[in-house]
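Residue-level structure breakdown
Given next are the chains, with one letter for each unit.
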Amino acid sequence: MNKIVKLLFLVSCIFSTTSGYALPEDYQETIEIEADSAFIDNEKGNAIYIGNVKVSQGTILISANKLTITSSKSNNKYDKIFAKGTDDQAANFSQQVDAAGNMIISRGTKIFYDSSSSILEVEGEGFIKRGEDEIAADFIRYDMTTGTFEAKKNKSGRVSMTLQPQSNTPPKAN
């Protein structure tokens with residue numbers, strides 16, 4: 001029973017680290033995980049889910065062929081998440097980021113998220129969409145705190161971006 005409690009704590013920490021970019025209600029929702037198999041190592045602080053993995057909590061959805069979750073040994077809180085797809089099925093992450101319904105959607109062969117730095121990396125035909133802005137490249141590194149990104153095309157071709165214009169509305173006077 002103690003292992004189950006630790007596992008639920010570990011998984012709940014995954015979703016509590018990005019609260020600046022999520023609906024607060026998401027973190028109070030039930031976490032549901034489905035996979036063909038699971039391995040939890042409390043000593044090392046990691047959990048591995050394999051085969052048609054699906055995770056949901058509120059508006060957060062993750063799907064992958066393999067999902068690895070690690071926690072920091074210093075504070076026993078979620079540290080990193082690594083989702084891997086297959087040749088036929090990409091790994092996916094999506095989350096509603098505000099009450100207006102804006103979403104962040106990402107997909108790629110590999111998705112890596114480091115909660116300590118709020119960095120999201122997508123590899124292998126990577127794609128990130130936030131609101132109406134879209135980026136497609138072989139590798140995308142997105143800083144969720146600052147909103148900055150780096151995109152690279154490793155093979156032939158070019159990075160593709162669709163960015164919406166900034167509002168030209170002047171600020172209102174007090």
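Refer to the structure printed above.
Residues numbered from 1 in each chain as written. Predicted model: local features only at pLDDT ≥ 70, side-chain atom pairs only at ≥ 80, totals over all residues. Heavy atoms only, no water.

Examining the overall build of the protein
Note the cut-off: Labels follow the DSSP assignment, with helices taken as runs of H or I lasting at least four residues and strands as runs of E lasting at least two, numbered in each case from the N terminus. Between buried and exposed lies partly exposed: a residue is buried under 20% and exposed over 50% of the maximum accessible area for its type, with that area taken using a 1.4 Å probe on protein chains only. Whether two residues are in contact is decided by their heavy atoms: any pair within 4.5 Å suffices. All accessible areas in this document rest on Shrake-Rupley with a 1.4 Å probe, and a residue is counted as covered only by the protein chains that are shown.
Within the protein one finds one helix and twelve strands. The N-to-C order of helical and strand elements in the protein reads α-β-β-β-β-β-β-β-β-β-β-β-β. Looking at the protein as a whole, 36% of its 174 residues are labelled buried. Residue pairs at least 24 apart in sequence account for 40% of intrachain contacts in the protein once pairs closer than 6 positions are excluded. Approximately 10,600 Å² of the protein is accessible, and the part contributed by carbon and sulfur atoms is 49%.

A word on a nonpolar patch on the surface
As a reminder, the rule being used: A residue counts toward a patch only above 30% relative accessible area and without a salt bridge, and it is joined to like-charged neighbours within 9 Å or, for Val, Leu, Ile, Met, Phe, Trp and Tyr, to nonpolar neighbours within 5 Å. Salt-bridge detection follows one rule: a side-chain nitrogen of Lys or Arg within 4 Å of a carboxyl oxygen of Asp or Glu.
Together, F149, M161 and L163 make up an exposed nonpolar region whose accessible area comes to about 280 Å². Looking at the element boundaries, F149 is found in strand β11 (residues 149-152). Take F149: its relative accessible area is 34%, and that puts it in the partly exposed class.

With respect to the environment of I135
Assignment of secondary structure puts I135 in strand β10 (residues 133-143). Judged by relative accessible area, I135 falls into the buried class, the value being 7%. Note: C-alpha distance between I135 and S160 (25 residues apart in sequence) is 5.8 Å. Leaving out residues up to four positions away in the same chain, I135 has contacts with G126, F127, I128, I140, F149, A151, S160 and M161.

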